[in-house]
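# Structural overview for review
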Amino acid sequence: MATNLDPARIRAAFPALDLGVAYFDGPGGSQVPSPVAEAVAGALTAGLSNRGTVTDAERRADEVVAGARAAVGDLLGADPRGVVFGRSMTQLTFDFARTLSRSWGPGDEVVVTRLDHDANIRPWVLAAERTGATVRWLDFDPETAELDDLETVLTTRTRLVAVTAASNLLGTRPDVRAIADSAHEVDALVYVDGVHLAPHAPVDVAALGADFLGCSPYKFFGPHLGVLAASPSLLERLTPDKLLPSTDAVPERFELGTLPYELLAGLTAAVDFIAGLASGLDKLDHRGPDDGTPAHPAPDRRTRVLESMAAVEEYEAGLFDRLLDGLGAIDGVTLHGRPARRTPTVLFSVAGHTGREVYEQLARVGVNAPASHFYAIEASRRAGLGDEGAVRAGIAPYTTAEDVDRLLRAVSQKLTPA
Ligand SMILES: Cc1ncc(COP(=O)(O)O)c(C=O)c1O
């Protein structure tokens, strides 16, 4: 079955690509295809009120929310009844840290990793400080960017393990399932940062062993908001801060204030777009045999998401090899980390130039690849890059081989010493 990515077809959906820029800054936020923008505008102009059941406008808002929960369910293999929306993954994690740490006290322990984005570190560190719990740091090897063994920090007193499914700085994909299995043996909860994994690979919350998984739709073609998936029964056991008149139902009781309906409509459109990324799946919908038997039923959205994300992974891996080989062959370029399992994201430095200089030079030739610690500040320091970090380039489904070659040319011609 041909379920490859057709970059030309995909690129045609992104008006931003008409500007001729090569966007390697997807790990910071992807570009947005037209159907997502249209869905946002459509929701805003369709006649929209607060959620309710009396007027059409109320029902529309209700349907938008239900539709977005179902879409996230299909994207992450999650139960839609356990999908919580918020302003950002950072905000949701602070909210859940406040709620979960209610029952922590001296003697309790929480594990955070130095590989994580600060959004999955600081909320837990601050919550531990407030409650008297102890923070245990899981480190990583600065050469390989592989996480150390969880057993070195896990104890029977561990209440929660916070770990990333993929490092937004170094691309490492830790073995989350093994970490979760160990954590569950001591009855610890597992809070997984799925922000950098979700745009690059099929995700299944249960298969990962995550009790909570956060992600950010603006990293996978959607609008700027945050999503958290958990099992509804786990959410039922938690008591978040909330307003008196707001509903106590799950998942709504975790959602503070009015939801951004238009962004949720955009999120559903983003998941639909992802489900259509792999060419060939659409043909399955229609093509029946000529012998009069009925056509195959259309694969459901979850199936199409999984097929599409498998195709994304394969397509991006091909371009990433080209990028890594090319950068590795340029004199003066240092690649940071070499994790065995990784997303198509590379962090690199060029001898004799600050990251900022490389970033600015690339920008001058229409190649967007910023330099920073990208908020993975602990990881940047541990990797020996301090608070300056380095240049990050990430592949997206709209990246082409020409984009990669353009980046490589710009680095080798303009930046290496003559
Ligand atoms: C791995 C990772 N985790 C968390 C975040 C924070 O996400 P948000 O902007 O939704 O708070 C980011 C954002 O860059 C990220 O890359």
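Quick caveat: nothing in here was measured; it's all calculated off a predicted structure. (Residues numbered from 1 in each chain as written. Predicted model: local features only at pLDDT ≥ 70, side-chain atom pairs only at ≥ 80, totals over all residues. Heavy atoms only, no water.)

What follows deals with the overall build of the protein chain. A tally of helices and strands in the protein chain yields 14 helices and 13 strands. Since a compact globule built from 418 residues should have a radius of gyration of about 22 Å, the 22 Å found for the protein chain is in line with a globular shape. Based on the C-alpha atoms only, the size of the protein chain along its principal axes is roughly 70 × 65 × 40 Å. Scored against the burial criterion, the 418 residues of the protein chain give a buried share of 56%. In the protein chain, the share of contacts with a sequence separation of at least 24, taken over all contacts with a separation of at least 6, comes to 70%. Surface exposure of the protein chain reaches about 17,500 Å², of which carbon and sulfur atoms provide 51%. Taken together, the 39 basic and 57 acidic charged side chains of the protein chain have centroids lying 3 Å from each other. (Helix = DSSP H or I, 4+ residues; strand = E, 2+ residues; numbered from the N terminus. Rg over C-alpha atoms; globule rule 2.2 N^0.38 Å. Buried < 20%, exposed > 50% of the residue type's maximum accessible area, 1.4 Å probe, protein only. Contact = heavy atoms within 4.5 Å. Areas by Shrake-Rupley, 256 points an atom, 1.4 Å probe, with all protein chains shown as cover. Lys, Arg positive; Asp, Glu negative; His and termini not counted. Charge placed at Lys NZ, Arg CZ, Asp CG, Glu CD.)

Near the ligand you find Ser-88, Met-89, Thr-90, His-117, Ala-119, Asn-168, Asp-193, Val-195, His-196, Ser-216, Tyr-218 and Lys-219, and these make up its full shell. Contact between the ligand and Asp-193: a nitrogen atom at 2.5 Å from a side-chain N or O atom of the residue. Across the complex, the protein chains shield 90% of the 390 Å² of accessible surface that the ligand would expose by itself. (Near = heavy atom within 4 Å. Polar contact = N/O pair within 3.5 Å; in protein donor to acceptor, adjacent residues only side chain to side chain.)

Read across the open sheet, the 7 strands follow the order β2-β8-β7-β6-β5-β3-β4; overall the sheet is mixed. Strands with a single pairing partner mark the edges of an open sheet, and in this sheet they are β2 (83–86) and β4 (134–138). The mean angle between the axes of side-by-side strands here comes to 20°, regardless of whether they run parallel or antiparallel. Of the pairings in the sheet, the one linking strand β7 (residues 212–215) to strand β8 (residues 226–230) comprises 4 bridges and is antiparallel in character. Each bridged residue has a counterpart across the sheet, and for Leu-213 the counterpart in β8 is Ala-229. Along the sheet face, helix α3 (residues 56–76) touches β2, β7 and β8 and points at about 115° away from the line of β2. (Pairing = 2+ DSSP bridges. Axes fitted to C-alpha atoms, helices over the stretch in contact; angles between N-to-C directions.)

What follows deals with the side chain of Thr-400. The residue Thr-400 is located in the loop between β13 (390–394) and α14 (401–414) in this model. Under the relative-accessibility criterion, Thr-400 is labelled buried at 10%. Contact partners of Thr-400, with chain neighbours within four places excluded, come to Arg-11, Tyr-315 and Leu-319.

Inspection of every chain in the model, using the stated rule, returns 28 salt bridges. Between Arg-59 and Asp-56 there is a salt bridge; the shortest N-O distance is 2.7 Å. You can see Arg-59 and its partner Asp-56 sitting in helix α3, 3 residues apart, about one turn around the helix. Taking the relative accessible area as the measure of exposure, Asp-56 reaches 48% and is therefore partly exposed. Here Asp-248 ties to Arg-253 by a salt bridge, and the two come within 4.0 Å at their closest N and O atoms. When salt bridges that share partners are traced, they join Arg-114, Asp-118, Arg-122, Asp-139, Glu-378 and Arg-382 into one network. (Salt bridge = Lys/Arg side-chain N within 4 Å of Asp/Glu carboxyl O.)

Right, let's get into the environment of Val-163. Following the sequence through the fold, Val-163 ends up in strand β5 (residues 158–164). By relative accessible area, Val-163 is classed as buried at 1%. In sequence terms Val-163 and Leu-115 are 48 residues apart; their C-alpha atoms lie 8.2 Å from each other. Here Val-163 is in contact with Thr-113, Asp-116, Asn-120, Leu-147, Ile-179, Tyr-191, Val-192 and Asp-193, once residues within four sequence places are set aside.

There is a patch of like negative charges on the surface, built from Asp-141, Glu-143, Asp-148, Asp-149, Glu-151 and Glu-185. Here Glu-185 is to be found in helix α6 (residues 176–185). (Patch = residues over 30% accessible without salt bridge, like charges linked within 9 Å, V, L, I, M, F, W, Y side chains within 5 Å.)

Now for the packing of aromatic side chains. Following the criterion strictly, the structure yields 10 aromatic pairs and no others. Through a chain of ring-to-ring contacts, the aromatic side chains of Phe-96, Trp-104, Trp-124, Tyr-191, Phe-212 and Phe-254 assemble into a single cluster. Cation over ring: Arg-114 sits above Trp-137, and NZ or CZ is 4.4 Å from the ring centre. Against the face of Phe-374 rests Arg-392, its NZ or CZ located 3.6 Å from the ring centre. (Phe/Tyr/Trp six-rings, centres within 6.5 Å; stacked < 30°, edge-to-face > 60°. Lys NZ or Arg CZ within 6 Å of the ring centre and 35° of its normal.)

Next up on the list: helix α12 (residues 355–364). Taken residue by residue, α12 has Gly-355, Val-358, Gln-361 and Leu-362 as its buried positions. Axial view of α12: buried residues confined to an arc of 130°, hence all on one face. Within α12, the exposed residues directed more than 90 degrees away from the buried face are Arg-356 and Arg-364. Just beyond α12, the residue with positive phi is Gly-366, at close to 75°. (Arc of directions from axis to C-beta.)

Time to look at the environment of Arg-409. Looking at the element boundaries, Arg-409 is found in helix α14. For Arg-409 and Leu-327, which are 82 residues apart along the polypeptide, the C-alpha to C-alpha distance reads 9.7 Å.

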